[in-house]
Amino acid sequence: MTMTLTPPAPETTPAYEPSSLDVASLLGVNLTTELSPFEACLDPMLQAIIANKNADFSALSLLKSHSAERFMALGLPNRKHQEAWKFIDLKPLVSKPLPAVQSKLEPCRLPYRLEKALKLPVTLTVCNGAFPKDASPKAAAPWMLFSQLEASVQTAFQQLLTEKTTQESDPFCVLGQALAEDIWTLDLPANTTLEKPLVVYVNQSQTSMAFPQWAVLLAENASATVVVSCSSDAQLQAYIQACATVELAKGATLNWVYLVNHTSENIVQLLNTRATVHEKAYFNLFAVNASNGALLRHSMEVRLVGQEANATLNGITLATGKTSVHNHVRLTHDAENCQSSQIFKAVVGDEAKSEFDGSIFVTTNGQQTDAKQLSKNMLLSNKAKAFARPWLNIDADDVKCSHGTTVGQLDEQQLFYLVSRGISPDEARDVLTLAFVVDLLSQLENVAGVEALKAECLALFQEKLAR
Amino acid sequence: MKNQTPLLQIINLHAQVANGGQKILNGLNLTVNAGEVHAIMGPNGSGKSTLSKVLAGHPSIEVTEGEVLYKGQNLLGLEPNERATAGVFLAFQYPIELPGVNNTSFLRMAYNAKQKANELPELDEAGFAEFLKTKLPLVEMKDDYLHRCVNAGFSGGEKKRNEILQMAVLNPCLSILDETDSGLDIDALRIVANGVNQLMSQDKAILLVTHYQRLLDYIEPTFVHVLAQGQIVTSGDKSLALELEEKGYDWLLPHSQQVEVAV
């Protein structure tokens, strides 16, 4: 099926109304007549995007203007009235203006370590939000690389993304799409299996805003593994708004691994993962976060819409310093006989904060659902905070659903046992902290090609704990 | 007296549960020389496990008075890990499970901590694997225990054998075996006792805390002490254990002061 793009009738650009009330409450100051620095910085950019809609009818421009309008309709979130944002302090984001995305590709420090660990070359590098323009798909296998939206088979993606944008309720998700330079697509034909994982490296080396976006379409029985590694240089300030939109056709399998490890404490990264999983398809998300950044929110929305669809969402967070990490999951069972499993573990030290807010929705279509959800948290200091909010919302009557959460500290008896064998108290603490997450990390060994990430993550955690 | 300085000297030791809890040890005195095996027996609540904990430096017990000298040095001034690297080893009555911690890594970490503290060369993974292979037969343990997590899902007997394996790896001068025989069937008891006997030598000493005479059939004590109400009330040779087996502890205790303390 093809969709023709008809130029929309000219219309007046809607005036951008600042969500002044929300910002005022976020900042604790009276801003009723002024835009926050963040909004002031966004305003002209969004206006330009909408204005550009009528001048250029490319798929990307249309999608961007559609997203910009959607953002304006949604406005910035309000902590008082929106449950999902209750524990998120957006101050690090909205109080400081940042330069717009740089279209110039800066030379990036290459992730040698990751390449070495995985023994794989990086497929795609996103530097300061800019994608390489010359990374053209290889003729022999056009789907082997991500391609730019304009260069890929546009129609399917544009239709998918437009539809998603209309339904999207997360303002930052649509904002990212509005401001993105491009959207990178992976279009895998039916019955194709990518033998090796695709490695995407998102690096931030200068103060700016960056909006990396991916759209992934796997046709019937296709399968792929994608590893996305995000890092940044020390001390710089940045806002990264990334989004992955995934559509898995019947029998397709996608493993998606996130490895977020920002060195800088001034990074705000908002991550969105949106997946629709059809019959007998499998979406396996593994998110590892060892970031020092000020704020990281990962919003995951997964819909199981075909019979026997399956989703696994696992997350490990190691939050230290003053980091604030939020994992938000909305998982919907909208077909019979679907399975889902979520395990999120967080180790929180110093003055860091971690939140897990996970909902399982089972619609009336979701008979024979088997859904599990678990959030386990370990607090390493008296000032560390962990919030866990597991929700179940079930409208079907024949389902198996479980959810649970634990919050604890290092076990004194275990610590003494290690110490009584000559191991120093500091080392003993590290050993037990790593032991808390190691069983979940072992699940990476089940994904072909990324087995080495387990050791890499453990090394990363060890370094971070030693700091 | 073989050595000039005893390996362990406990002088008038008083101890209580930390933070002003119940008083458990009331002026305990004990001298242990190298080459000796001392069995500490006594009724429930007499302070046997507390004594083991004090020597290992468990934070739940607080020493209020007295001295403990290890090789002539103040043991109580050392942190628990320093005691271990100095050669003091406690085999736990209830070994702790460490899910997520690989047994071999744990043993290597402990071994290297001791080597490092004594300025001796540490072993890498391969070197340690070789070293460990020589220790396994001591406790008749199979390789697969090493790949599992420390004590996690081990049976009672396997946990105790794992304790003795740690003892073999760390090669301590002073070993305190806290009711290592409890929960063991006869075969496991024999294996554990054989392991301990093979690790014993003239420059080492063992403090054997036990309820039952049976262990002493396998590990022959130089001295047997009866601990009651936080003090050693009587000492003797191996025959004392047999006498206790026959008569119980009652004849040694002043009834009016009998206390029940569970620690």
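Residues numbered from 1 in each chain as written. Chains lettered and ligands numbered in written order. Predicted model: local features only at pLDDT ≥ 70, side-chain atom pairs only at ≥ 80, totals over all residues. Heavy atoms only, no water.

(A) Local environment of the interface of chain B and chain A. On the side of chain A, 17 residues touch chain B, which itself brings 28 residues to the contact. Contact between chain B and chain A buries roughly 1,800 Å² in total, counting both sides, with carbon and sulfur atoms accounting for 71%. Ranking the residues of chain B by area buried against chain A places B:Asn81, B:Ile96 and B:Met109 at the top, with a combined share of 28%. Seen at the junction of chain B and chain A, the total is 1 salt bridge. For B:Glu163, the salt bridge identified is with A:Arg421, shortest N-O distance 2.7 Å. Scanning the region where chain B abuts chain A turns up 8 residue pairs in polar contact (both at pLDDT 80 or more). Among the elements of the structure, helix H2 (80-86), strand E6 (88-91), strand E7 (98-102), helix H3 (103-117) and helix H6 (156-170) of chain B are those that each provide at least two residues to the side of chain B that touches chain A. Its residues placed into classes, the side of chain B that touches chain A shows 19 nonpolar, 7 polar and 2 charged. (Contact = heavy atoms within 4.5 Å. Buried area = accessible area lost by both parts, 1.4 Å probe. Salt bridge = Lys/Arg side-chain N within 4 Å of Asp/Glu carboxyl O. Polar contact = N/O pair within 3.5 Å; in protein donor to acceptor, adjacent residues only side chain to side chain. Helix = DSSP H or I, 4+ residues; strand = E, 2+ residues; numbered from the N terminus. Nonpolar A, V, L, I, M, F, W, Y, C, P; charged D, E, K, R; others polar.)

(B) How the structure looks around the layout of surface pockets. The space that makes up the largest pocket amounts to roughly 1,100 Å³. In terms of lining, the largest pocket is formed by 36 residues, of which the most central are B:Asn102, B:Thr104, B:Ser105, B:Arg108 and B:Met109. Put simply, the parts of the chain that give the lining of the largest pocket at least two residues each are helix H9 (425-441) and helix H10 (453-466) of chain A together with H2, E7, H3, helix H4 (125-135) and helix H5 (144-147) of chain B. Grouping the amino acids of the lining of the largest pocket by side-chain chemistry returns 14 nonpolar, 12 polar and 10 charged. (1 Å grid on protein atoms, 1.4 Å probe; cavity = no way out; pocket = protein on both sides within 12 Å on 5 of 7 lines; lining within 4 Å. Points joined across faces, edges and corners; volume = space filled by probe spheres on them.)

(C) Here's a closer look at the sheet that holds E6(B). Residue and element names in this part refer to chain B. Read from one edge of the open sheet, 6 strands run E6-E9-E10-E3-E11-E12, paired in mixed fashion. A single partner strand is all that each edge strand has here, and the edge strands are E6 and strand E12 (231-236). On average, adjacent strands in this sheet sit at an angle of 20 degrees to one another, irrespective of strand direction. Sheet strands in contact with H6 are E6 and strand E9 (174-178), and its direction is about 170 degrees off that of E6. Sheet contacts for helix H9 (residues 238-247): strand E3 (37-41), strand E11 (223-228) and E12; angle to E11, the most-contacted strand, approximately 45 degrees. (Pairing = 2+ DSSP bridges. Axes fitted to C-alpha atoms, helices over the stretch in contact; angles between N-to-C directions.)

(D) Layout of unusual backbone geometry. All names here are of chain B. Of note in the backbone geometry, asparagine 12 takes a positive phi value of approximately 45 degrees without being a glycine. Note on placement: asparagine 12 falls in strand E1 (residues 8-17). A relative accessible area of 30% places asparagine 12 in the partly exposed class. (Buried < 20%, exposed > 50% of the residue type's maximum accessible area, 1.4 Å probe, protein only.)

(E) Fine view of the side chain of A:Asn203. Residue and element names in this part refer to chain A. Among the structural elements, asparagine 203 can be located in strand E4 (residues 198-204). Here tyrosine 201 takes part through its side chain, which lies 3.0 Å from a polar atom of the side chain of asparagine 203. At 3.4 Å, the side chain of asparagine 203 and the side chain of serine 231 are in polar contact.

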